[in-house]
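Take a look at the letters that make up each chain.
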Amino acid sequence: MQHTDYSAKVIDHFMNPRNMGELENANAVGTVGSPACGDMMDIYLEVEGDEIVDASFKTFGCTAAIANSSMMTEMVKGMSLADAENLKNRDIEEALDGLPPHKIHCSTLAADALHEAIKSYKERVASGAEEGEVAAS
Amino acid sequence: MAMTQTTAAPRRIYMDHAATARPLPEVVEAMVPYLSEEYGSPQSFHTQGSGPAHALKQAREQVGALIHAPATQITFTSGGIEANNLAVKGAALAAQRRGKHIVTTEVEHYAVHHSVKFLEKLGFETTFVGVDGYGRVDPQAVADAVRDDTVLVSVQLANQEVGTLQPVAEVARLVKAINKRIVVHADGTYAVGQIPVDVDALGVDLLSLTAHRFYGPKGAGALYARKGVRLTPLIHGGVQENGKRAGTENVPAIVGLGVAAERAAAEMEARMARVSGLRDRLERGLVERIENVQVNGHPTERLPGYLDISIEGIEGEGTLVRLDLDGIAVASGSACASMALKGSQVLHAIGVDEVLAQGSILITLGIDNTDADIDDALEEIPRVVETLRKMSPIYGKRKHYFR
């Protein structure tokens, strides 16, 4: 029992974060947040064709921010880019069995980082920089 | 799913005495009769009223003795917040025909700060005096802020967040030398019961205190008001507390306050030596074991149990929750650890780097902590910090500014 009102899933993902660390084969990365405001996240994605084959994160932030980062990376593995673009912070929050009301804003961090990484990846692909590497894998 | 071995819940180690403290057994024992057979109102003339009336009188003497004040100058309140509200609003409103200027500091508790802000809405003006890197106010700067229309100066005895002791006696001396009629208030809600306090040595007119921080119950506090200092009551409707605070007294809690005050006075030096000894060992140990940390507050002029530490690269709320799951209760000054989601004003005022401030934890020890608690904390805290730093995208990558 603890007083923090976090669900068992939030505590599980906070204490045993999945996919934590940098990803060696990442070809899509995103950074969002501001340390001065108390949270910041780096997301690493490995994209093959239209699919996210691997994902990882590093997060500076509270329990909710870290749990959201962990859950999000679990959710997007094997997901198409189109589906990942449609993933909402609400979806991650629901997968964690909800968040205390004053922590809901923390769930936007992970979704924002995901969308940021996909956006910058698509821009690079569009400019031709990533084509060879993606096709080869 | 595989069977998992269940482990016993970890031993709870309480290191958040700034929030509140466990009441002493003798405090609870003394309160019990006043929750049942001694239920009478102290204001009643009949027999049932006499026991509680006597108990109030005794508690007033016990509280007075703790701060070296006559019992007649002690007004009981519902706690430290109310005592501070009564001091600041009560003194300012009573003196408003003489002037409407207040001098206070940038690091006061919200009980004082928000009371002053409320008075500003009624036409008062305030000068907030800043503090140095240790959180200490310069008495001369307070004196320099005094104007012809200043009626109240309010400076805390000790800071609620970093534990720094303020030079209140010097503030009072300088202010009184300018104008004797200026009321000097000290918020003692974090200091009384922890360090020796003498209202005459301090030279203050008003002093607030609360029971639950020195092992008394919640729901009882007091305001010392020097003879002749005028206060406008905030709660109307009865003659209790000499008309300064209406409402049937919370006799059980006040009895508990009295006993806690008596024990604090009797054990003051032994408690200070033990608690500061534990704190010093914890502080040295953490600084040795964790790289890139900064201890906030004054190195020596600090409350005995206080250790506020900023840890680079991690965030305080997560640290707090992990330590809690390990059985250790601490507090944090990070934005995420506050319900209001605002970073610490105190750390900002003392100039702690704003990213570093997010990684601040406040450890406050008390008389119930043991050497074994310190051993466990010295093991757990560095372990939690190491784990969270591995997750952090900023640790070791960005330049922070340690003092």
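Keep in mind it's a predicted model, so treat the numbers as computed, not measured.

A. Examining the overall build of chain B more closely. In terms of regular secondary structure, chain B is built from 12 helices and 13 strands. Taking 2.2 N^0.38 as the reference for a compact globule, 403 residues should give roughly 22 Å; the C-alpha atoms of chain B span a radius of gyration of 22 Å, in line with that estimate. Considered along the principal axes of its C-alpha atoms, chain B spans approximately 70 × 55 × 40 Å. Considering only residue pairs separated by 6 or more positions, chain B has 74% of its internal contacts joining residues 24 or more positions apart. Between the centroid of the 41 positive side chains of chain B and the centroid of its 48 negative side chains there is a distance of 5 Å.

B. Fine view of the packing of helix α9 (residues 316–325) of chain B against helix α12 (residues 371–391) of chain B. All names here are of chain B. Where α9 contacts α12, the axes come no closer than 10 Å and their chain directions differ by 130°. By the angle between their axes, α9 is oblique relative to α12. The two elements α9 and α12 cross, and the hand of that crossing is right-handed. Contact residues: α9 offers Gly318, Thr319, Arg322 and Leu323, while α12 offers Glu380, Ile381, Val384, Thr387, Leu388 and Met391. Considered class by class, the residues forming the contact of α9 with α12 number 5 nonpolar, 3 polar and 2 charged.

C. Looking closely at the packing of aromatic side chains. Residues and elements named next belong to chain B. Per the counting criterion, the structure on display carries 0 aromatic pairs over all chains. Across from the ring centre of phenylalanine 118, 4.9 Å away, lies the NZ or CZ of lysine 89, which sits over that ring. In this arrangement the basic side chain of arginine 213 is found over the ring face of tyrosine 190, its NZ or CZ atom lying 3.7 Å from the centre.

D. Highlighting the environment of Glu46(A). Residue and element names in this part refer to chain A. Structurally, glutamate 46 is set in strand β2 (residues 39–48). Overall, glutamate 46 belongs to the buried group, its relative accessible area being 17%. Sequence spacing of glutamate 46 and glutamate 22 is 24 residues, and the spatial spacing of their C-alpha atoms is 11 Å. For glutamate 46, the contacting residues outside a window of four places in its chain are Leu23, Asn25, Ala26, Asn27, Glu51, Ile52, Val53 and Asp54.

E. View of helix α1 (residues 8–15) of chain A. Along α1(A), the positions that sit buried rather than exposed are Val10(A), Ile11(A), His13(A) and Phe14(A). Along the axis of α1(A), the buried positions cluster into a sector of 165°, meaning they face one direction only. For α1(A), the elements touching its buried residues are α2 (63–76) of chain A together with α9 and α12 of chain B.

F. Fine view of the interface of chain A and chain B. Across the contact, 26 residues belong to chain A and 23 residues belong to chain B. Carbon and sulfur atoms make up 67% of the area that chain A and chain B hide from each other, which totals about 2,200 Å². Counting across the chain A and chain B interface gives 1 salt bridge. Glu317(B) is paired through a salt bridge with Lys103(A); the nearest N and O atoms lie 3.3 Å apart.

G. Expanded view of the environment of Ala69(B). For Ala69(B), the location among the structural elements is in the loop between α2 (47–66) and β2 (74–77). Those residues in contact with Ala69(B) that sit more than four places away from it in its chain are Gly64(B), Ile74(B), Val199(B) and Tyr224(B).

H. Broad picture of a negative patch on the surface. Together, Glu48(A), Asp50(A), Glu51(A) and Asp83(A) make up a negatively charged patch on the protein surface. With respect to the helices, strands and loops of the structure, Asp83(A) is situated in helix α3 (residues 81–85).

I. Examining the packing of α1(A) against α9(B) more closely. As a packed pair, α1(A) and α9(B) sit with axes 11 Å apart at the nearest point and diverge in direction by 100°. The angle between α1(A) and α9(B) places the two elements in the roughly perpendicular class. The segment α1(A) lies against α9(B), with Ile11(A), Phe14(A) and Met15(A) engaging Gly318(B), Val321(B), Arg322(B) and Leu325(B). Among the residues making up the contact of α1(A) with α9(B), the classes are represented as 5 nonpolar, 1 polar and 1 charged.

J. Structural detail: the pairing of β2(B). All names here are of chain B. Neither face of β2 is left uncovered, since the one carrying Ile74 and Phe76 and the one carrying Thr75 and Thr77 both have all their residues buried. In terms of strand pairing, β2 meets strand β8 (residues 221–225) through 4 bridges, oriented antiparallel. Within β8, the residue paired with threonine 77 across the bridge is glycine 221.

K. Examining helix α3 (residues 80–94) of chain B more closely. The terminal C-alpha atoms of α3(B), which comprises 15 residues, lie 20 Å apart, in line with the 21 Å expected from a rise of 1.5 Å per residue. For α3(B), the buried fraction is high: 13 of the 15 residues fall into the buried class.

L. The arrangement of the sheet that holds strand β1 (residues 28–34) of chain A in detail. All names here are of chain A. The antiparallel open sheet is built from 3 strands, whose spatial order is β1-β2-β3. Strand pairing shows two members of the sheet lacking a second neighbour, β1 and β3 (51–60), which therefore form its edges. Ignoring which end each strand starts from, the neighbouring axes of this sheet average 15° apart. The pairing of β1 with β2 spans 7 bridges and is classified as antiparallel. Residue glycine 30 lies in a different strand from β2, and its bridge partner there is isoleucine 43. Seen against the sheet, α2 touches β2 and β3 and runs at an angle of roughly 170° to β3.

M. The side chain of Gln294(B), seen in detail. Secondary-structure assignment places Gln294(B) in strand β9 (residues 293–296). A relative accessible area of 7% places Gln294(B) in the buried class.

N. Representation of the confidence of the model for chain B in the model. Of all residues in chain B, 96% have pLDDT values of 70 or greater, and the mean over the chain is 95. For this predicted complex, the interface confidence comes out at an ipTM of 0.90, alongside a pTM of 0.93.

Basis of the calculations
Residues numbered from 1 in each chain as written. Chains lettered and ligands numbered in written order. Predicted model: local features only at pLDDT ≥ 70, side-chain atom pairs only at ≥ 80, totals over all residues. Heavy atoms only, no water. Helix = DSSP H or I, 4+ residues; strand = E, 2+ residues; numbered from the N terminus. Rg over C-alpha atoms; globule rule 2.2 N^0.38 Å. Contact = heavy atoms within 4.5 Å. Lys, Arg positive; Asp, Glu negative; His and termini not counted. Charge placed at Lys NZ, Arg CZ, Asp CG, Glu CD. Axes fitted to C-alpha atoms, helices over the stretch in contact; angles between N-to-C directions. Parallel < 35°, antiparallel > 145°, perpendicular 65-115°, else oblique. Left-handed = near helix turned anticlockwise from the far one by under 90°. Nonpolar A, V, L, I, M, F, W, Y, C, P; charged D, E, K, R; others polar. Phe/Tyr/Trp six-rings, centres within 6.5 Å; stacked < 30°, edge-to-face > 60°. Lys NZ or Arg CZ within 6 Å of the ring centre and 35° of its normal. Buried < 20%, exposed > 50% of the residue type's maximum accessible area, 1.4 Å probe, protein only. Arc of directions from axis to C-beta. Buried area = accessible area lost by both parts, 1.4 Å probe. Salt bridge = Lys/Arg side-chain N within 4 Å of Asp/Glu carboxyl O. Patch = residues over 30% accessible without salt bridge, like charges linked within 9 Å, V, L, I, M, F, W, Y side chains within 5 Å. Areas by Shrake-Rupley, 256 points an atom, 1.4 Å probe, with all protein chains shown as cover. Pairing = 2+ DSSP bridges. Expected span 1.5 Å × (residues − 1). pLDDT = per-residue confidence, 0-100.

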